[in-house]
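# Observations on the model geometry
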Amino acid sequence: MLALKAEAANRSKSEFLANMSHELRTPLNHIIGFTELIAGKDCGDINAVQEEYLNDVLRASRHLLSLINDILDLSKIEAGKMDLDMAEVPIRDLLSNSLTMVKEKALKNGIRMSLNIESAPDRLMADERKLKQVMYNLLSNAVKFTPEGGRIEVGGAIRNGNGGPGGSTDRKTLAVWVKDTGIGIESHDLERIFTPFEQVKAASAANSKAPGWGWR
């Protein structure tokens, strides 16, 4: 009996995800398509400011589409069959564009954003969609918990060691970071925040560190 109920629940979830895919993707693809037409000047000339804003809309819409795809991957995650789609990724462009996703909210709060990627390579092998999602999650939290007038930095640099098999130090790795002057997290909460559905209370975190750079 329980097995039948579980199977029915799983089938309902799959049907919901399939329906949501259609209902969300269809209008979103229209938004992306028409914005591409206007940004590509197929409907007439546009000025530089309009072009910048339209490209921001395109990046945000494409990111939203990737989030929908992430939700649809839920069943794969639960089944332990989530695969990485490895390909060459223009990492400098990815890190730079990630700031665009939170630029509007940061500007409203007077938060200064900076990019430190001089030591980052042009390209690397990674799953681009998942890497974008990681950056968006980190930056969303950074903007959310950084007070007005604060700072956020996105950076990337080559590091030696920590990446070789068996703990060897002859393999170079890329370190990517998000730094901010936000409220921080107390040391005893660092392990707990990675538990599903756990969240550090803002009230307790507010006193966790003095103003200054913090890492995410």
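Note: the structure precedes this text.
Residues numbered from 1 in each chain as written. Predicted model: local features only at pLDDT ≥ 70, side-chain atom pairs only at ≥ 80, totals over all residues. Heavy atoms only, no water.

## Some details on the overall build of the protein
Scanning the protein for helices and strands turns up six helices and six strands. Secondary structure elements of the protein occur, N-terminal to C-terminal, as α-α-α-β-α-β-β-α-β-β-α-β. The buried share of the protein, reckoned over its 216 residues, is 28%. In the protein, the proportion of contacts linking residues at least 24 apart, taken out of those at least 6 apart, comes to 71%. About 14200 Å² of surface is accessible on the protein, with carbon and sulfur atoms providing 55% of the total. (Helix = DSSP H or I, 4+ residues; strand = E, 2+ residues; numbered from the N terminus. Buried < 20%, exposed > 50% of the residue type's maximum accessible area, 1.4 Å probe, protein only. Contact = heavy atoms within 4.5 Å. Areas by Shrake-Rupley, 256 points an atom, 1.4 Å probe, with all protein chains shown as cover.)

## Topic: a nonpolar patch on the surface
Taken together, the side chains of Phe34, Leu37 and Ile38 present a nonpolar region at the surface, about 270 Å² in accessible area. By the secondary structure assignment, Leu37 is in helix α1 (residues 2-39). (Patch = residues over 30% accessible without salt bridge, like charges linked within 9 Å, V, L, I, M, F, W, Y side chains within 5 Å. Salt bridge = Lys/Arg side-chain N within 4 Å of Asp/Glu carboxyl O.)

## Describing the pattern of salt bridges
Overall, the coordinates contain ten salt bridges when judged by the stated rule. Across the pair Asp56 and Lys103 runs a salt bridge, and its minimum N-O distance is 3.4 Å. Taken together, the positions of Asp56 in helix α2 (residues 48-72) and Lys103 in helix α4 (residues 91-108) put the pair 47 residues apart, joining distant regions of the chain. Residues joined in a network through salt bridges with shared partners are Glu52, Asp56, Arg59 and Lys103.

## Looking at the environment of Leu37
You can call Leu37 partly exposed: its relative accessible area is 36%. Excluding its chain neighbours within four sequence positions, the residues that come into contact with Leu37 are Asp42 and Cys43.

## Brief notes about the nonpolar core
In a soluble, globular protein the nonpolar side chains are often hidden away together inside. Core analysis: the largest hydrophobic core is formed by 18 residues, its most contacted members being Leu95, Met135, Leu139, Val143, Ile152, Val154 and Val178. Of all the secondary structure elements, the ones that give two or more residues to this core are α4, α5 (128-145) and β4 (151-160). If one sorts the elements of this core by residue count, α4 sits on top with six residues. Setting aside residues up to four positions removed in sequence, Leu139 forms contacts with Ser98, Leu99, Val102, Ile152, Val154 and Val178. (Core = buried A, V, L, I, M, F, W, Y, C linked by side-chain atoms within 4.5 Å.)

## So, the side chain of Thr35
Within the element layout of this structure, Thr35 appears in helix α1. Not counting residues up to four positions away in its chain, the partners in contact with Thr35 are Leu54, Val57 and Leu58.

## Topic: the environment of Leu24
The topology assignment puts Leu24 in helix α1. Look at Leu24 and you get partly exposed, because its relative accessible area is 38%. Counting along the chain gives 44 residues from Leu24 to Ile68, while the straight-line C-alpha distance between them is 7.7 Å.

## Description of the layout of surface pockets
Volume-wise, the second largest pocket comes out at about 340 Å³. Lining the second largest pocket are 14 residues, and of these Thr100, Met101, Lys103, Glu104 and Lys105 lie nearest its centre. Secondary structure elements with two or more residues in the lining of the second largest pocket: α2, α4 and α5. When residues of the lining of the second largest pocket are assigned to their parent elements, the largest contribution, six residues, is made by α4. Per-class residue counts for the lining of the second largest pocket are seven nonpolar, two polar and five charged. (1 Å grid on protein atoms, 1.4 Å probe; cavity = no way out; pocket = protein on both sides within 12 Å on 5 of 7 lines; lining within 4 Å. Points joined across faces, edges and corners; volume = space filled by probe spheres on them. Nonpolar A, V, L, I, M, F, W, Y, C, P; charged D, E, K, R; others polar.)

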